[in-house]
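Structural overview for review
Listed below, chain by chain, are the residues.
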Amino acid sequence: MVSSFQNDVLPNEYVFTTVLSACAHSGRVFEGMQCHGYLFKFGLVFHHYVKSALVHMYSKCFHVDLALQVLDSERGSNNDAFCYNSVLNALVESQRWDEGVDVLGRMVDECVVWDSVTYVSVMGLCGQIRDLRLGMQVHAQLLKGGLMFDVFVSSMLVDMFGKCGDVLNARKVFDGLQNRNVVVWTSLMTAYLQNGHFEETLNLLTCMDQEGTMPNEFTFAVLLNACAGIAALKHGDILHGRVEKLAVLHDVEDEQKESYLNYHSEKLAIAYGLMKIPSPAPIRIIKNLRICDDCHTAVKLISKVTNRLIIVRDASRFHHFRDGTCTCSDHW
């Protein structure tokens, strides 16, 4: 791009849009800011494609305040779903829930047409703030708009109802789906788990088998949590056997990986270790934060039902779990 300036060939809005997209995906916000300066210089900053690309770049690089500044420039003139989706995703991932609700209100006020990405982002926001009423309104709008229920929309809808404590509606959405893959199954299991329905969570594995859907490592992480929740040693033994039979990890979408990596990552790591590390070799987990009480209890149970040594190093010490006990004696 610099060489084109030197040769007196000025890039147009489409060139800048391509460069900003590359900055967004590579996280190179400094170069993106340089592009922003050139756009002011050439008078292209308010072009529709350029403005959308700027908002997306700043949002992807988690400079949300700068993204909002660009969004606010000539407010309402050319803000589309792509602009708002970018900002809303960044706000949700940054846990800035109140601002996310404000942006959602602006989308409604400006009559922005929602797409499937919008619905996924908004349902994620509803789930995080546990606002069932807002979630129900979003669901109603989704049905009214006639948007196709793809796997991401369906799984996020189930996840949203689960986080808001409405397992019945989560199950109703699930039962109404014609095509159910491992992502949707795992979302329903998570909904049951989060609401304390541990037996139902485990029973879904049998239903999943009957439909011929193969569980993946995220599914097993949820099921291990259910085992820990009810201290179900029998189920734990069965589950351990299933984990060892799963020889190949299946690819899953980035959105699901991100969602589940944020949910008790050490249990996911243990599920992966059970599949990949042959017995009797120990499973070693390293985490930067202090292990929480819930996870500590879960790992003790997992060590008992799998008869494996699990070593977890958290922010303060090493924990050696074997046969249902830990070397820290539950003091850490």
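If you're wondering where the values come from, they're calculated on a predicted model, not measured in any experiment. (Residues numbered from 1 in each chain as written. Predicted model: local features only at pLDDT ≥ 70, side-chain atom pairs only at ≥ 80, totals over all residues. Heavy atoms only, no water.)

Glancing now at the UniProt feature "repeat: PPR" (unreviewed entry) in the protein chain. UniProt feature "repeat: PPR" (unreviewed entry): in the numbering of this structure it lies at residues 80–110 and 181–215. Counted over residues 80–110, helix gives 84% and strand 0%. Its end C-alpha atoms are 9 Å apart. Measuring from the first to the last C-alpha atom of residues 181–215 gives 9 Å, for a span that is 74% helix and 0% strand. (UniProt positions renumbered as here; feature names shortened; annotations may be inferred. Helix = DSSP H or I, 4+ residues; strand = E, 2+ residues; numbered from the N terminus.)

Locating Val 153 in the fold gives a position in helix H10 (residues 151–163). Residue class for Val 153 comes out buried when judged on its relative accessible area of 0%. In this structure the C-alpha to C-alpha distance between Val 153 and Leu 142, which are 11 residues apart in sequence, comes to 9.6 Å. Those residues in contact with Val 153 that lie beyond four places of it in its chain are Ser 116, Val 120, Met 123 and Leu 142. (Buried < 20%, exposed > 50% of the residue type's maximum accessible area, 1.4 Å probe, protein only. Contact = heavy atoms within 4.5 Å.)

With that settled, consider the layout of surface pockets. Computed from the structure, the second largest pocket encloses a volume of approximately 210 Å³. Every residue lining the second largest pocket is listed: Met 148, Phe 149, Asp 150, Val 151, Ser 154, Gly 176, Leu 177, Gln 178, Asn 179, Asn 181 and Val 184. Within the lining of the second largest pocket, the residues separate by chemical class into five nonpolar, five polar and one charged. (1 Å grid on protein atoms, 1.4 Å probe; cavity = no way out; pocket = protein on both sides within 12 Å on 5 of 7 lines; lining within 4 Å. Points joined across faces, edges and corners; volume = space filled by probe spheres on them. Nonpolar A, V, L, I, M, F, W, Y, C, P; charged D, E, K, R; others polar.)

Moving on, we come to the sheet that holds strand S2 (residues 310–313). Taking strand neighbours across the sheet as the criterion, the four strands line up as S1-S2-S3-S4 in an open arrangement whose pairing is mixed. In this open sheet, the two edge strands, each paired with only one partner strand, are strand S1 (283–286) and strand S4 (325–326). In this structure, strand S3 (residues 318–322) lies alongside S4, joined through two bridges in antiparallel fashion. Of the residues in S4, the one forming a bridge with Phe 321 is Cys 326. This element, helix H18 (residues 293–306), spans S2, S3 and S4 of the sheet and lies at about 40 degrees to S3. (Pairing = 2+ DSSP bridges. Axes fitted to C-alpha atoms, helices over the stretch in contact; angles between N-to-C directions.)

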